[in-house]
Amino acid sequence: MRIQRWFVCLALFTSVLQLRAQDSNVVLVIHGGAASRRDKINTPEWERLSREGLKAAIQKGYEVYKKGGSSLDMIEASIRLMEDNPVFNAGKGAVFTLQGKNELDSSIMEGRGLKAGAVAGVTVVKNPISAARAVMEKSKHVLLVSEGANTFARENGLEIVDPSYFRTEPRWQELQEYLAKPKDRAKITQPHDGMWSTVGAVARDANGDLAAGTSTGGMAYKRWGRVGDSPIIGAGTYADNEAAGISATGHGEFFIRYAVTHDIVALMKYKGLSVQDAAKEVINKKLKVAGGEGGVICLDKNGTVANAFNTDGLFRAHVTRDGTITVKLFKE
Ligand code: ASP
């Protein structure tokens, strides 16, 4: 009896160790936004499509890894696929502003030289993550906005679409329902009901270089011209080879005010916290106390994956060096 128990303990211990080892062998982690179970849009069908979308995107990024692609190539490939997928609030499928337009934000950062690029309020760029990368690699700037960013993307040969390309029926209906609410109710309702579906990715390539990126349509019913955290380096996206790469999702105003992704990196570098502890400290303590909803995905310099969210869920997936894929939506 005793020996049997001993064996069970040993087996459990070994599987925990194996799990740990796998989790620190991660080459790519992605997210499809923070989620609330109370959100109407969060149907079983939506969850199924999100799972499928995450799986396809992580596979895409992993293929790039297998071919020896850089961490920037990996995250760009994964994010582009999610931008093209109407289930996510990025690229096609973006939420609408209160004025019925789609205004997209995105950013990218690499951890070796701390170079970064971002676009905000773009309306005709099919894949904003590629525009963010072009800003990083082909301009002297970090952040370009609205018409200036649209023009820059056009000049640099990125795919340009008519603004109507981004429109999808569920997102349009979501806005119509919001507008149909009595004025006083519409005013007190949160700018979003809790389902964000923004996308992001963090990768670590064979050279050990980290990169992170985020892409979004922003918060539903936002005022036109509003810019969230996603294109703000240090708020929605950060990468530093000395610590970790991070992409965030949630109520952007809070993520900007609390400089969330940079704060996590700072806690790791200056206080020596592990990536998981740093992420929890910021998301489950600082942000939660402040009332900021959302979460982050992280990948540290050793390939250890971590996440933290103070919402019901964070749609996420990661893949290890050997190609093992894990997809999770809620607190599983
Ligand atoms: N953080 C994004 C924003 O505030 C929204 C999201 O994550 O879904 O624009």
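Right above here is the structure, for reference.
Now for a description of the structure that goes with this document. Quantities reported herein were computed from a predicted structural model and do not represent experimental measurements. (Residues numbered from 1 in each chain as written. Predicted model: local features only at pLDDT ≥ 70, side-chain atom pairs only at ≥ 80, totals over all residues. Heavy atoms only, no water.)

## Remarks on the pattern of salt bridges
This structure, assessed with the given rule, holds 16 salt bridges. The shortest N-O distance in the salt bridge between Arg-133 and Glu-76 comes to 2.7 Å. Placement of the pair is Arg-133 in helix α4 (residues 128-138) and Glu-76 in helix α3 (residues 71-84), with a sequence separation of 57 residues. A single burial state applies to Arg-133 and to Glu-76, both of which are buried. (Salt bridge = Lys/Arg side-chain N within 4 Å of Asp/Glu carboxyl O. Helix = DSSP H or I, 4+ residues; strand = E, 2+ residues; numbered from the N terminus. Buried < 20%, exposed > 50% of the residue type's maximum accessible area, 1.4 Å probe, protein only.)

## Some points on the packing of aromatic side chains
Any aromatic ring pair is given by two values, namely how distant the centres are and how the planes are angled relative to each other. Tallied over the full model, the rule gives five aromatic pairs. Plain terms: the ring middles of Phe-96 and Trp-172 are 5.0 Å apart, the flat faces sit at 75 degrees to each other, and that makes the pair edge-to-face. Of the two residues, Phe-96 sits in the loop between α3 and β2 (104-110) while Trp-172 sits in helix α6 (residues 169-180), which places them 76 residues apart along the sequence. With a relative accessible area of 23%, Trp-172 lands in the partly exposed category. The ring of Tyr-165 is capped by Lys-92, whose NZ or CZ atom sits 4.8 Å from the centre of that ring. Across from the ring centre of Phe-254, 5.1 Å away, lies the NZ or CZ of Arg-257, which sits over that ring. (Phe/Tyr/Trp six-rings, centres within 6.5 Å; stacked < 30°, edge-to-face > 60°. Lys NZ or Arg CZ within 6 Å of the ring centre and 35° of its normal.)

## Structural notes on helix α9 (residues 260-271)
Over its 12 residues, α9 runs 16 Å from end to end, which matches the ideal 16 Å to within 8%, given 1.5 Å per residue. Within α9 the residues assigned to the buried category are Val-260, Thr-261, Asp-263, Ile-264, Val-265, Ala-266, Leu-267 and Met-268. Buried positions along α9 lie against β7 (237-239), β8 (244-250), α8 (252-257), α10 (275-290) and β9 (294-300). In the segment just after α9, Gly-272 is the residue with positive phi, at about 70 degrees. (Expected span 1.5 Å × (residues − 1). Contact = heavy atoms within 4.5 Å.)

## What about the packing of helix α2 (residues 44-66) against α3?
Their axes nearest at 8 Å, the elements α2 and α3 cross at an angle of 155 degrees. One finds that α2 runs roughly antiparallel with respect to α3. Remark: the crossing between α2 and α3 carries right-handed chirality. Contacts between α2 and α3 involve Leu-54, Ala-56, Ala-57, Ile-58, Lys-60, Gly-61, Val-64 and Tyr-65 from the first element and Asp-73, Met-74, Ala-77, Ser-78, Leu-81 and Met-82 from the second. Looking at the contact of α2 with α3 residue by residue, the class counts come to 10 nonpolar, two polar and two charged. (Axes fitted to C-alpha atoms, helices over the stretch in contact; angles between N-to-C directions. Parallel < 35°, antiparallel > 145°, perpendicular 65-115°, else oblique. Left-handed = near helix turned anticlockwise from the far one by under 90°. Nonpolar A, V, L, I, M, F, W, Y, C, P; charged D, E, K, R; others polar.)

## Quick notes on the site of the ligand
Near the ligand the following residues occur: Trp-196, Thr-198, Gly-218, Met-219, Arg-226, Gly-228, Asp-229, Ser-230, Thr-249, Gly-250 and Gly-252. One of the side-chain nitrogen or oxygen atoms of Thr-249 is found 2.7 Å away from an oxygen atom of the ligand. Notes on the ligand: free accessible area 270 Å², of which the protein chains cover 100%. Spatially, the ligand is embedded in the largest cavity. Class assignment of the residues belonging to the shell around the ligand gives a composition of two nonpolar, seven polar and two charged. (Near = heavy atom within 4 Å. Polar contact = N/O pair within 3.5 Å; in protein donor to acceptor, adjacent residues only side chain to side chain. Areas by Shrake-Rupley, 256 points an atom, 1.4 Å probe, with all protein chains shown as cover. 1 Å grid on protein atoms, 1.4 Å probe; cavity = no way out; pocket = protein on both sides within 12 Å on 5 of 7 lines; lining within 4 Å. Sits in = over half its atoms within 2 Å of the grid points.)

## With respect to unusual backbone geometry
One non-glycine residue, Leu-114, adopts positive backbone phi at about 55 degrees. For Leu-114, the location among the structural elements is in the loop between β2 and β3 (116-122). With relative accessibility at 40%, the residue Leu-114 sits in the partly exposed group. Here the phi dihedral of Ala-259 falls at roughly 40 degrees; this positive angle occurs in a residue that is not glycine. Here Ala-259 shows up in the loop between α8 and α9.

## Digging into the sheet that holds strand β12 (residues 325-330)
The strand order β4-β3-β2-β6-β5-β1-β11-β12 describes an open sheet built from eight strands, whose pairing is mixed. Each having just a single partner strand, β4 (143-145) and β12 make up the two edges of the open sheet. For this sheet, the mean inter-axis angle between neighbouring strands, taken without regard to orientation, is 10 degrees. Alignment of β3 against β4, held across three bridges, turns out to be parallel. Following the sheet pairing, Val-119 is matched in β4 by Leu-144. Here helix α5 (residues 146-155) sits on the sheet and contacts β3 and β4; the angle it forms with β4, its principal contact strand, is near 105 degrees. (Pairing = 2+ DSSP bridges.)

The values reported here are purely geometric and, on their own, carry no functional implication.
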